[in-house]
Amino acid sequence: MSVLNIRKYPEKILMKKARSVDTIDDDLQQLIDSMVETMHAAPGVGLAAPQVGVPKRLAVIDTAVGDSESELLVIINPVIIQKEGDIEFEEGCLSIPEYTTKIHRAERVLVSALDREGRPVELHGEGLLSIALQHEIDHLDGILILDRTSPIKREFFKKRFRKSRKLSK
Ligand code: NI
């Protein structure tokens, strides 16, 4: 187990669609453990494999951020099969430090996935868990919160980002 390096915007891996997991072996279990440790160390409520440089459809979510083991979720090859309602929340992302933006998402989702042992599971998410599930599944499709915000806010962020990079060079 180790804390992994979190990839940051604008690294290309964050914009790519990840591949399905086809083998659940010891290497994957180690990756999952390290992702959980990295998420808790950050701290964050979710982390997707592409954020640690692994282009696989795998994410970990913990809306209790380590306070309660029962909240920890590992989702492999997740698919949203139902969406309902609307919720707006100020979201951040470990790959875009010091940035938050309000995003509308479904208030409730039903997700089918495999758990870390490879067993099929169905997960009902509501509120913060629904947001986290949609946010992490977006990562597996190369979609960032920047892509979910308004075009004006996105341009504003990109301008500010380019400017700050120039200043730090
Ligand atoms: Ni994120």
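Residues numbered from 1 in each chain as written. Predicted model: local features only at pLDDT ≥ 70, side-chain atom pairs only at ≥ 80, totals over all residues. Heavy atoms only, no water.

J.: Please clarify how the coordination of the nickel ion should be interpreted in this entry.
T.: The expected angle between donors at a tetrahedral four-coordinate metal is 109.5 degrees. At an octahedral six-coordinate metal it is 90 or 180 degrees. Coordination of the nickel ion by the protein involves C93 (SG), H135 (NE2) and H139 (NE2), with metal-donor separations of 2.1 to 2.3 Å. In primary-sequence terms, the residues that donate to the nickel ion follow C-x41-H-x3-H. Of this pair, C93 sits in strand β4 (residues 87-93) while H139 sits in helix α2 (residues 128-140); the two residues are 46 residues apart in sequence, bridging distant segments of the chain. (Donors = N, O, S within 2.8 Å, 3.2 Å for Na, K, Ca; no water. Helix = DSSP H or I, 4+ residues; strand = E, 2+ residues; numbered from the N terminus.)

J.: So what exactly am I meant to see when it comes to the nonpolar core here?
T.: In a soluble, globular protein the nonpolar side chains are often hidden away together inside. Residues I32, M35, L58 and V60 are the most contacted members of the largest nonpolar core, which totals 16 residues. Secondary-structure elements contributing two or more residues to this core are α1 (26-41), β2 (58-61) and β3 (73-84). At six residues, the largest contribution of residues to this core is made by α1. When near neighbours in sequence (up to four residues on either side) are disregarded, I32 contacts L58, V60, V74, I76 and R116. Within the second largest apolar cluster, 14 residues are counted, among which are V109, V111, L123 and L133. (Core = buried A, V, L, I, M, F, W, Y, C linked by side-chain atoms within 4.5 Å. Buried < 20%, exposed > 50% of the residue type's maximum accessible area, 1.4 Å probe, protein only. Contact = heavy atoms within 4.5 Å.)

J.: I would appreciate a short explanation of α1 in the present structure.
T.: Note that an α-helix has 3.6 residues per turn; residues three or four places apart therefore point the same way. Here α1 spans 22 Å end to end across 16 residues, near enough to the 22 Å set by a 1.5 Å rise per residue. Close packing links the buried residues of α1 with β1 (46-48), β2 and β3. (Expected span 1.5 Å × (residues − 1).)

J.: How should I be thinking about the environment of L110 in this particular structure?
T.: With respect to the helices, strands and loops of the structure, L110 is situated in strand β6 (residues 108-114). Note: C-alpha distance between L110 and S130 (20 residues apart in sequence) is 8.5 Å. In this structure, L110 is in contact with V79, I80, I81, Q82, E122, L123 and H124, ignoring residues within four places of it in sequence.

J.: What exactly am I supposed to notice about the sheet that holds β1 here?
T.: Within a sheet, adjacent strands bond to each other through the backbone by hydrogen bonds, running parallel or antiparallel. Taken in spatial order, the five strands make up an open sheet running β1-β2-β3-β6-β7, and their pairing is antiparallel. The sheet terminates laterally at β1 and β7 (120-126), the two strands that pair on one side only. Neighbouring strand axes in the sheet, compared pairwise and without regard to direction, differ in orientation by 40° on average. As defined by bridge partners, β3 adjoins β6 across six bridges and the pair is classed as antiparallel. Bridging across to β6, Q82 finds its partner in L110. (Pairing = 2+ DSSP bridges. Axes fitted to C-alpha atoms, helices over the stretch in contact; angles between N-to-C directions.)

J.: For this particular structure, what's the right way to read the packing of aromatic side chains?
T.: Aromatic rings considered in pairs are described by the distance between their centres and by the relative angle of their planes. Following the criterion strictly, the structure yields four aromatic pairs and no others. Between the aromatic rings of Y9 and F161, the centroid separation amounts to 4.9 Å while the plane-to-plane angle is 80°, which identifies the pairing as edge-to-face. Linking Y9 in the segment before α1 with F161 in helix α4 (residues 151-168), this pair joins segments that are 152 residues apart in sequence. Its relative accessible area of 19% is what places F161 among the buried residues. Aromatic ring contacts, followed pair by pair, group Y9, Y99, F157 and F161 into a single cluster. (Phe/Tyr/Trp six-rings, centres within 6.5 Å; stacked < 30°, edge-to-face > 60°.)

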